[in-house]
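Below are the chains, spelled out letter by letter.
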Amino acid sequence: MVLRVPRRQSIRLLVISIAIYGGTGVAQADVFDLAGGGRLEGKVIQTDDADKSTYIIDLAGGGRLTIARSQVTRIDSTSEAEAEYQKLALTSPDTVEGHEKLAEWCRQHKLQHEYQQHMARILELNPNHAEARTALGFHNQDGQWMNRDDVMASRGLVMYDGKYVTPQQVEILEQQKKSRVTQADWKNTIEQLRRQLTGRRQDNSAQARVKIQSLKDPAAADAVVAVLHRENDPDLKRLWIETAARLNSRVAIDALVDLSLNDPDDEIRHQCLEYLIKSGRPGLSTPYIRALKDSHNEMVNRAAAALGQIKDRDSIGPLIDALITKHRVKVSDANPDQHAYTFSKDSNAFSFGGGGPQVVNQTFRNQAARDALVAISGANFEYDQEQWRNWLAAQAKVNAVDVRRDP
């Protein structure tokens, strides 16, 4: 019985097997995978009276074997090119020239694996064989042969998921992969807790609430925010807000900022802002300063009121600009059969409007901006933007002198 030599082994093993088994055997062999894990090489003998429950195999190394079909899990047929290669390999010398000829034959007959094996054997016989080095992926760099992995390693790159990346990228990709798994787990957990909160069993509901109130893992932020955005129950919404505020996550912070500006419920808006201020997170005033330029006057006042509570002196300049703002507002729903004439002071001209809603530019004095400026600065110039700006410039000069003054 002869076991097939695995292809990944060196060509030297093929030469050794030829020496052991000689030139006997079939011209073309199949490979039989056995249920016990072994392998056979040979050819099935076709006989008229053969038992259908067995195979009769002429072994590649000589001899004949009868084996139950139930013991054979798979049969791989050898191609004509592979069979011809086996015959050529029997007579090929174990020399550089012999392997060069066989390698070229394999290349022409598209036996890539055998081609690579012969090139590998050539390198064993002649380590400086340039063609074999190139065929096996080596590059000559500064007089030194290096394979692709070595070349990439010299550039600080490693193979990861079929691509060359930096070790730092590997760490990031691993973290992202782990994060995706963790977030998927949290999504299932949070969804289950949400169902339990409103389930029929009060004991499960109470336990779910306790678990939610104890959440502190920032990885749960995406799942918590997703539930928060679609929550309609005011009591549960406050619970999710409280949870999001504990997670120390950018996703959670952004969600609370959004709710503090846009939620229609005053209590919800104030609760979100209180949690944000308690967090002491740096740069908290930035999104509210941006909101001072919103096209809706109501949003400007909400942002100004928030800045008045945050009390960041860097917001004084933007708040001065927001003391008086202009916004396009709808002033009436005209009759479709009527037309409107409007005089514009800016352009010194009348405008003719159709029967749709009438929209005009309107100037607003924003009390929330004024109140915020008073709360932050301790000064009060009402809505006089020029006086506020002069005061701010004077404060800047005083602070500049204080900075230069010796302690």
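As a reminder, the structure under discussion sits directly above these lines.
Only a predicted model underlies this, so the values are computations on that prediction, with no experimental measurement involved. (Residues numbered from 1 in each chain as written. Predicted model: local features only at pLDDT ≥ 70, side-chain atom pairs only at ≥ 80, totals over all residues. Heavy atoms only, no water.)

Caption draft 1: Local environment of the overall build of the protein. For the protein, the helix and strand inventory stands at 17 helices and 13 strands. Counting the 407 residues in the protein, one finds 34% classified as buried. Sequence-distant contacts, at least 24 apart, represent 54% of the contacts inside the protein between residues at least 6 apart. Taken as a whole, the protein presents about 25100 Å² of accessible surface, with 49% of it coming from carbon and sulfur. (Helix = DSSP H or I, 4+ residues; strand = E, 2+ residues; numbered from the N terminus. Buried < 20%, exposed > 50% of the residue type's maximum accessible area, 1.4 Å probe, protein only. Contact = heavy atoms within 4.5 Å. Areas by Shrake-Rupley, 256 points an atom, 1.4 Å probe, with all protein chains shown as cover.)

Caption draft 2: Representation of the pattern of salt bridges in the model. Applying the stated criterion across every chain yields a total of 19 salt bridges. Here Arg-107 ties to Glu-104 by a salt bridge, and the two come within 2.6 Å at their closest N and O atoms. Of this pair, Arg-107 and Glu-104 are both found in helix H3 (residues 96-108), three residues apart, which corresponds to roughly one turn of the helix. Residue class for Arg-107 comes out partly exposed when judged on its relative accessible area of 45%. Given the relative accessible area of 29%, Glu-104 is considered partly exposed. Among the salt bridges present, the one from Arg-302 reaches Glu-298, with a minimum N-O distance of 2.9 Å. (Salt bridge = Lys/Arg side-chain N within 4 Å of Asp/Glu carboxyl O.)

Caption draft 3: Structural context of the nonpolar core. Ranked by internal contacts, the top residues of the largest apolar core, which has 54 residues, are Ile-190, Val-224, Trp-240, Tyr-288, Leu-292 and Leu-319. Broken down by element, the residue count for this core peaks at seven residues, all from helix H14 (residues 297-310). Other than its neighbours up to four places away in sequence, Leu-292 contacts Val-300, Ala-303, Ala-304, Leu-307, Pro-318, Leu-319 and Ala-322. Residues Leu-102, Leu-111, Tyr-115 and Ile-122 belong to the second largest nonpolar core, which totals 15 residues. (Core = buried A, V, L, I, M, F, W, Y, C linked by side-chain atoms within 4.5 Å.)

Caption draft 4: The packing of aromatic side chains, seen in detail. With the rule as written, the count across this model stands at three aromatic pairs. When the ring of Trp-388 is compared with that of Trp-391, the centres are 6.1 Å apart and the planes differ by 85°; the resulting orientation is edge-to-face. Taken as a pair, Trp-388 and Trp-391 lie in helix H17 (residues 385-404) at a separation of three residues, close to a single helical turn. Judged by relative accessible area, Trp-388 falls into the buried class, the value being 0%. Under the relative-accessibility criterion, Trp-391 is labelled buried at 15%. Three or more aromatic residues joined by ring pairs make a cluster, and in this case those are Phe-381, Trp-388 and Trp-391. (Phe/Tyr/Trp six-rings, centres within 6.5 Å; stacked < 30°, edge-to-face > 60°.)

Caption draft 5: Structural view of helix H16 (residues 367-377). Taken together, the buried positions of H16 are Ala-368, Ala-369, Arg-370, Ala-372, Leu-373, Ile-376 and Ser-377. Where H16 ends, the next residue or the one after it, Gly-378, has phi of about 85°, a positive value.

Caption draft 6: Highlighting the packing of helix H11 (residues 250-262) against helix H12 (residues 266-279). Two numbers describe how H11 lies on H12: the axes approach to 7 Å, and their chain directions differ by 140°. The angle between H11 and H12 falls in the class oblique. At the point where H11 passes H12, the crossing takes the left-handed sense. Residues Ile-253, Leu-256, Val-257, Leu-259, Ser-260, Leu-261 and Asn-262 of H11 pack against Arg-269, Cys-272, Leu-273 and Leu-276 of H12. Considering only residue class, the contact of H11 with H12 consists of eight nonpolar, two polar and one charged. (Axes fitted to C-alpha atoms, helices over the stretch in contact; angles between N-to-C directions. Parallel < 35°, antiparallel > 145°, perpendicular 65-115°, else oblique. Left-handed = near helix turned anticlockwise from the far one by under 90°. Nonpolar A, V, L, I, M, F, W, Y, C, P; charged D, E, K, R; others polar.)

Caption draft 7: Summary view of the environment of Glu-231. By secondary structure assignment, the location of Glu-231 is in the loop between helix H9 (221-230) and helix H10 (234-246). Owing to a relative accessible area of 6%, Glu-231 belongs among the buried residues under this scheme. A sequence separation of 37 residues divides Glu-231 from Arg-194, and the C-alpha atoms of the two residues are 9.7 Å apart. In terms of polar contacts, Glu-231 uses its side chain to reach the side chain of Trp-240, at 3.1 Å. (Polar contact = N/O pair within 3.5 Å; in protein donor to acceptor, adjacent residues only side chain to side chain.)

Caption draft 8: A look at the pairing of strand E3 (residues 54-59). Bridge analysis of strand E2 (residues 39-44) against E3 gives three bridges, and the strand direction is antiparallel. Residue pairing for E3: Val-44 is matched across the bridge by Ile-57. Pairing of E3 with strand E4 (residues 64-68), which is carried by five bridges, proceeds in the antiparallel orientation. Each bridged residue has a counterpart across the sheet, and for Asp-58 the counterpart in E4 is Arg-64. In sequence, E3 turns back onto E4 through a hairpin of four residues, with Gly-62 there showing a positive phi of about 105°. (Pairing = 2+ DSSP bridges.)

Caption draft 9: The arrangement of the packing of H10 against H11 in detail. Closest axis-to-axis distance for the H10/H11 pair is 9 Å, and the angle between their directions is 135°. In terms of orientation, H10 and H11 fall into the oblique class. As for how H10 packs across H11, the hand of that crossing is left-handed. Across the interface between the two elements, Lys-237, Ile-241, Ala-244 and Ala-245 from H10 touch Ala-252, Leu-256 and Leu-259 from H11. When grouped by side-chain class, the residues that make up the contact of H10 with H11 number six nonpolar, no polar and one charged.

Caption draft 10: Just the side chain of Arg-269, in detail. Along the chain, Arg-269 turns up in helix H12. Judged by relative accessible area, Arg-269 falls into the buried class, the value being 10%. Those residues in contact with Arg-269 that sit more than four places away from it in its chain are Leu-259, Ser-260, Leu-261, Asn-262, Asp-263, Pro-264 and Arg-302.

All we've got here are geometric facts, nothing functional implied.
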